[in-house]
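Understanding the architecture of this molecule
Residue-level listing of the chains:
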Amino acid sequence: MLRYWQRSLLKLLSCSVACAPLLVGHFVNAGQLITPQSMTTNQLKTTTVMVENGLASDDIRQAYFIPIATKQALVCSLSSLVRCIALLPASLQQQTAFSVANIRRAVGRKSAMVLVAEHRTIAGVIVVNPANNMAEQSGAIGLKTYQLPLANQIQLTLWHEIGHLYNIALQGSILPSSLTEYQHEWLADLYLLWRIAQHYQQLDLAWQQFHRRNLALINDSGNLSHWSAPQLQIVLNHYNAQQLQHFTHYEDFLSAVYPLMPTWSPRDMGEFSSLVQRTFSAVQSLPGYMFWRQSELIQVLSPTLERLMGKAETQRWLKNQFLTENNM
């Protein structure tokens, strides 16, 4: 029975992706470098063989392989974790990081996580928990709480997790060999933006991710490590949907946009964190606080504030909170 399930499961290698909400990346053995190529001839042949092996329809969202540069990643639904992990090579199954018990402990209440593998053909494992899908993102501004409805969040989260593995594959070539946790997160969202442009005619879902990251930061300055809104805004201001669709390979897209990204130091990030805490958590506003960071923060937050509060109320709020209204 197990052999039949394994044979049938492998058909899904080339299916379209769709699983798992929110984002939480868990990195294991992330130092491996992978030669950046979009898809080799050998991979295409392997994909064809796996497709011919067949797949039972009720397993479509439970476990499947997806291409990651020159390798593959295994996507597992938490509800079918035992059967899914059994598809890994024996050498990986024997590692503690990929044990079912360890993965269940690591996932906890997270919506998704990614485990990076050091293996010749496997890039890693993405574990998703559709039961924790998010329908909205919320955050308080002053005494009022705002909600942002989230569409297609399961699919967007999976693309974000795939982005983690794809960007690791490009380290040492298009990307630096060493990346901070923050860089890993906003790069994963850049991959997400690229995938949105390739699958949809509009960028509404990219703006949704932008607003979601801003609102998460407003709600808790601890979410600064996932604050990709500055980087997403740069791309969204430089390219429209049609222009992004011309980047048929992620490597080409990344080569074009990566030089545009800010290079903030830990001190810079600390200043942003302090300013956000003072702005959204303090009882008394201090308009002159961290004045040298205010214009950057206002530029990124303004589209989200206008989305939630309306333009007039946003102008009034910014004038009360920051040094001058002209900072916009």
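Residues numbered from 1 in each chain as written. Predicted model: local features only at pLDDT ≥ 70, side-chain atom pairs only at ≥ 80, totals over all residues. Heavy atoms only, no water.

1. Focus: the nonpolar core
Residues Ile126, Ile141, Leu190, Trp227, Val235, Leu244 and Phe253 are the most contacted members of the largest nonpolar core, which totals 77 residues. Counting residues per element, this core draws most heavily on helix H7 (residues 181-199), which supplies 10 residues. Among residues more than four places away in sequence, those in contact with Leu190 are Gln231, Leu232, Val235, Tyr250, Phe253, Val257 and Met261. In this structure, Leu87, Leu88, Leu92 and Phe98 belong to the second largest nonpolar core, which totals 22 residues. (Core = buried A, V, L, I, M, F, W, Y, C linked by side-chain atoms within 4.5 Å. Buried < 20%, exposed > 50% of the residue type's maximum accessible area, 1.4 Å probe, protein only. Helix = DSSP H or I, 4+ residues; strand = E, 2+ residues; numbered from the N terminus. Contact = heavy atoms within 4.5 Å.)

2. Observations regarding helix H9 (residues 229-238)
In an α-helix, one full turn covers 3.6 residues, which means residues spaced three or four apart are oriented alike. Buried residues dominate H9, accounting for eight of its 10 residues. Residues of H9 that are buried make contact with H7, helix H8 (204-219), helix H10 (241-245), helix H11 (250-257) and helix H13 (291-309).

3. Structural notes on the pattern of salt bridges
What the rule picks out here adds up to six salt bridges. Here Glu296 and Arg293 are joined by a salt bridge, their closest N and O atoms 2.9 Å apart. Of this pair, Glu296 and Arg293 both sit in helix H13, separated by three residues, roughly a single helical turn. Here Glu296 falls in the partly exposed class, since its relative accessible area comes to 27%. You can call Arg293 buried: its relative accessible area is 9%. Residue Arg316 pairs with Glu313 through a salt bridge whose shortest N-O separation is 2.5 Å. With Arg316 and Glu313 both in helix H14 (residues 311-321) and three residues apart, this pair spans about one turn of that helix. Using a relative accessible area of 29% as the deciding quantity, one classes Glu313 as partly exposed. (Salt bridge = Lys/Arg side-chain N within 4 Å of Asp/Glu carboxyl O.)

4. Topic: H13
For H13, spanning 19 residues, the distance from its first C-alpha to its last is only 23 Å, which falls clearly below the expected 27 Å at 1.5 Å a residue. At Leu301, H13 shows its maximal kink, close to 45°; a proline, Pro303, follows between one and four residues later. The set of residues buried in H13 consists of Arg293, Gln294, Leu297, Ile298, Val300, Leu301, Ser302, Thr304, Leu305, Leu308 and Met309. Residues of H13 that are buried in the fold lie against strand S5 (136-141), strand S6 (144-149), H8, H9, helix H12 (266-281) and H14. (Expected span 1.5 Å × (residues − 1). Bend = angle between axes of the 7 residues up to and from the residue.)

5. Some details on the pairing of strand S4 (residues 122-128)
Among the seven residues of S4, seven are classified as buried, and the element is accordingly described as predominantly covered. Here five bridges tie strand S3 (residues 112-116) to S4, and the two strands are oriented antiparallel to one another. Counted as the bridge partner of Val116 is Gly124 from S4. Here S3 hands over to S4 after five residues, the two strands then running antiparallel side by side. (Pairing = 2+ DSSP bridges.)

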